[in-house]
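# Summary of the model geometry
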Amino acid sequence: MSRSRPSGPLTVAELVRFGPLSGAQVRAGSRLDRPVTGVSLISDLDQARRCAPETAMVLHPAAAHGSWALEAAMRFAWERNASCVVAPASVTVTGSTPQLAERLRMPLLSVADPARLALDLAVAVADTEAARARLIARCAVLFSERHNLRDIVGAINAEVPGALVALLTQEGHLLAGRAAAGRGDDPGAAHDRRVCVPVPGPDGGPWATLVAQLTEASPSWADTVTTILKLARSSITAAGAGLRMSLSHQAGRDRLLLETLLRTGPGSAPTAPPPSTGAADEEPDAVEPGAVEPEAEQMAREAGWPVDGLHVAVRLRPAEPVTADLDGAAAGVIAAWQTGRFAAPLVPQNGGWTTWFTDTDPGQVSRLVRRRLAQARIPLPLTAGVGEPGEGLDGLRDSVAQAELAAVAASRRAPGTVERYAELGPRVVLANLPVAELAAAARTLLAPLLADPKAEVLLVTLAALLDCAGSTGQTAARLGVHRNTVLGRLERIRARGVDPDAPDGRLALHLACHALLSTEPFATGRPSAL
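Residues numbered from 1 in each chain as written. Predicted model: local features only at pLDDT ≥ 70, side-chain atom pairs only at ≥ 80, totals over all residues. Heavy atoms only, no water.

## What about the packing of aromatic side chains?
Following the criterion strictly, the structure yields 1 aromatic pair and no others. Ring centres of W305 and W356 lie 5.5 Å apart, and the angle between their planes is 75°; this geometry places the pair in the edge-to-face category. Here the residue W305 occupies a position in the loop between helix 11 (294–302) and strand 12 (310–318), and W356 occupies one in strand 14 (residues 352–358), the gap between them amounting to 51 residues. For the residue pair W305 and W356, the accessibility class agrees, reading buried in each case. (Phe/Tyr/Trp six-rings, centres within 6.5 Å; stacked < 30°, edge-to-face > 60°. Helix = DSSP H or I, 4+ residues; strand = E, 2+ residues; numbered from the N terminus. Buried < 20%, exposed > 50% of the residue type's maximum accessible area, 1.4 Å probe, protein only.)

## Notes on the pairing of strand 14
The buried count for strand 14 comes to 6 of 7 residues, which makes it a mostly enclosed element. Pairing of strand 12 with strand 14 involves 6 bridges; the strand directions are antiparallel. Considered in strand 14, the bridge of V314 is made with T355. Two elements, strand 13 (residues 347–349) and strand 14, share 3 bridges in a ladder whose sense is antiparallel. Bridged to V347 within strand 14 is T354. In textbook terms, the turn of a hairpin is the stretch between consecutive antiparallel strands, and for strand 13 and strand 14 this stretch comprises 2 residues, one of which, N350, has a positive phi near 50°. (Pairing = 2+ DSSP bridges.)

## What about the sheet that holds strand 7 (residues 108–111)?
Taken in spatial order, the 5 strands make up an open sheet running 2-7-6-5-4, and their pairing is mixed. A single partner strand is all that each edge strand has here, and the edge strands are strand 2 (25–28) and strand 4 (38–42). With direction set aside, neighbouring strand axes in the sheet form an average angle of 25°. Direction of pairing for strand 6 (residues 84–88) relative to strand 7: parallel, over a ladder of 4 bridges. Each residue of the ladder has a partner; that of V86, found in strand 7, is L109. Sheet contacts for helix 4 (residues 96–104): strand 2 and strand 7; angle to strand 2, the most-contacted strand, approximately 70°. Of the strands in this sheet, strand 4, strand 5 (55–59), strand 6 and strand 7 touch helix 5 (residues 114–126), which is tilted by about 165° from strand 4. (Axes fitted to C-alpha atoms, helices over the stretch in contact; angles between N-to-C directions. Contact = heavy atoms within 4.5 Å.)

## Quick notes on the side chain of T472
With respect to the helices and strands, T472 occurs in helix 20 (residues 472–479). According to the relative accessible area criterion, T472 is buried, its value standing at 12%. When residues no more than four places from it in sequence are discounted, the contact partners of T472 are L465, R483, V486, L487 and L490.

## Quick look at the nonpolar core
Grouped together as the largest cluster of nonpolar side chains are 52 residues, with contacts concentrated most on L21, L167, L210, L229 and I236. The biggest single contributor to this core is helix 10 (residues 219–263), with 8 residues. For L210, the residues in contact, after removing those within four places along its chain, are V153, V165, A166, L167, V195, C196, V197, V199, L229, A232 and I236. (Core = buried A, V, L, I, M, F, W, Y, C linked by side-chain atoms within 4.5 Å.)

## Some words on the state of the cysteines
Within this structure, the stated rule accounts for 0 disulfides. Unpaired in this structure, C51 has its nearest cysteine sulfur neighbour in C84, at a distance of 9.5 Å. With relative accessibility at 1%, the residue C51 sits in the buried group. (Disulfide = S-S within 2.5 Å.)

## Points about the sheet that holds strand 8 (residues 163–169)
One open sheet holds the 4 strands; their spatial order is 9-8-11-10, and the pairing between them is antiparallel. On the outer flanks of this sheet lie strand 9 (174–177) and strand 10 (194–200), each paired with one strand and no other. On average, each strand axis in the sheet is inclined to that of its neighbour by 20°, with strand direction left out of account. Set on the sheet, helix 7 (residues 149–159) makes contact with strand 8, strand 9 and strand 11 (206–214); between it and strand 8 the angle comes to about 155°. The sheet strands contacting helix 10 are strand 8, strand 10 and strand 11, and the helix crosses strand 10 at an angle near 30°.

## Side note on the side chain of T55
You can see T55 is positioned in strand 5. The residues contacting T55, other than those within four sequence positions of it, are G38, V39, S40, A82, S83 and C84.

Take a look at the structure:
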């Protein structure tokens, strides 16, 4: 906390959260952000008429003979712009009294000993730095007792009044805390009411940012919140490292187990049989080539993985181009996914993650995955591919392979895209081609054609002609133009040195058209389909 800057006044919320009002019963909680600059102990209602603004009005039992006196005091407090009204707990508070307090937007609290409270309030208001130092000390104790990101950031949100706090990745994705703090919903006041503290990773490099959105623009309060956020950094770094290590260890075991399950089975490559020694041939537990290893299947069952039933595999991949640190984001992705209480794990595999649903319709799986990818807590823009249902581990193996193909197609589209293998059909082969490399070669091959002022029209026509096996009539119907228009464009294409009738170059020409129409600046064109 800066000593050169004068401390701003405490608010009612601060006094309730960590000050003398922490034991008070809050009867009405509107406008707890009111500042408190003084305390008035009211023993007669006439004194309430002379109460100074921004004063905590504490009613002595002698001045509160019943609910009518309490309501009168609240009206005086509202007229004098008092900060709050503190009533004796002995006064019966009926339903109308809190309603009046809410209507007047006047905080109303009850305490057992108003006289003692008035004295404590006066001390707290006179030394705001001491009161805030107690808050900082309390937060420091709580940080030492918390061991995961959610609990640490949650402690800040619970203890620090008037502040919404979130832990964000370097890319701005939410790791823990309140999403509203990360969004910065009040851009007009963002500069005065927003506090950001960088959080280093275990290696000391930048990893995340603690962001606090304050309800009031107070420099002294911003200093207090900044101090608390800086205190939380070491605990968050330690918790993040522990989470990453734990998930990395678990992910490594899951990856090995899944790869063991997937590389065995009828569709996998057969392994060389063991040397024939007589005794080995009679071994009753020998695993046949292609069969699932019993130990691996048993381990999967013991881990709670769904093994039996109809599986639908899901493959998650980062949306291209991949700019984020996948290893650094893996912990957040897995943690966010597991909040969905899905039965199967999310297993890191080949630059992405694999999971599966059991006895669930593929369409429903697609909807579930799409909703999950849209949530704000996943710290990485992801896409997904969904395979077809498969029975048992053999079916899971096939479904994973299909989901991988669909995921590659999805990764070339917008974040959050979910592609189903069944809906892609043969296009899945085209979707998995290295389009960028093919497009670079195609631009060289078709340079004369691309130099034409109507290059995109000619390219679309050429692709449609190849799609229709050279039929100009079908091409015209597909493009919605007259056949003579197609013939005219075809002559123009041939004039540029491109012969679509050459049988030895038809496949390469078709792929070149597909690659160019799938990339900028021809992305608006309709890709052809082989």
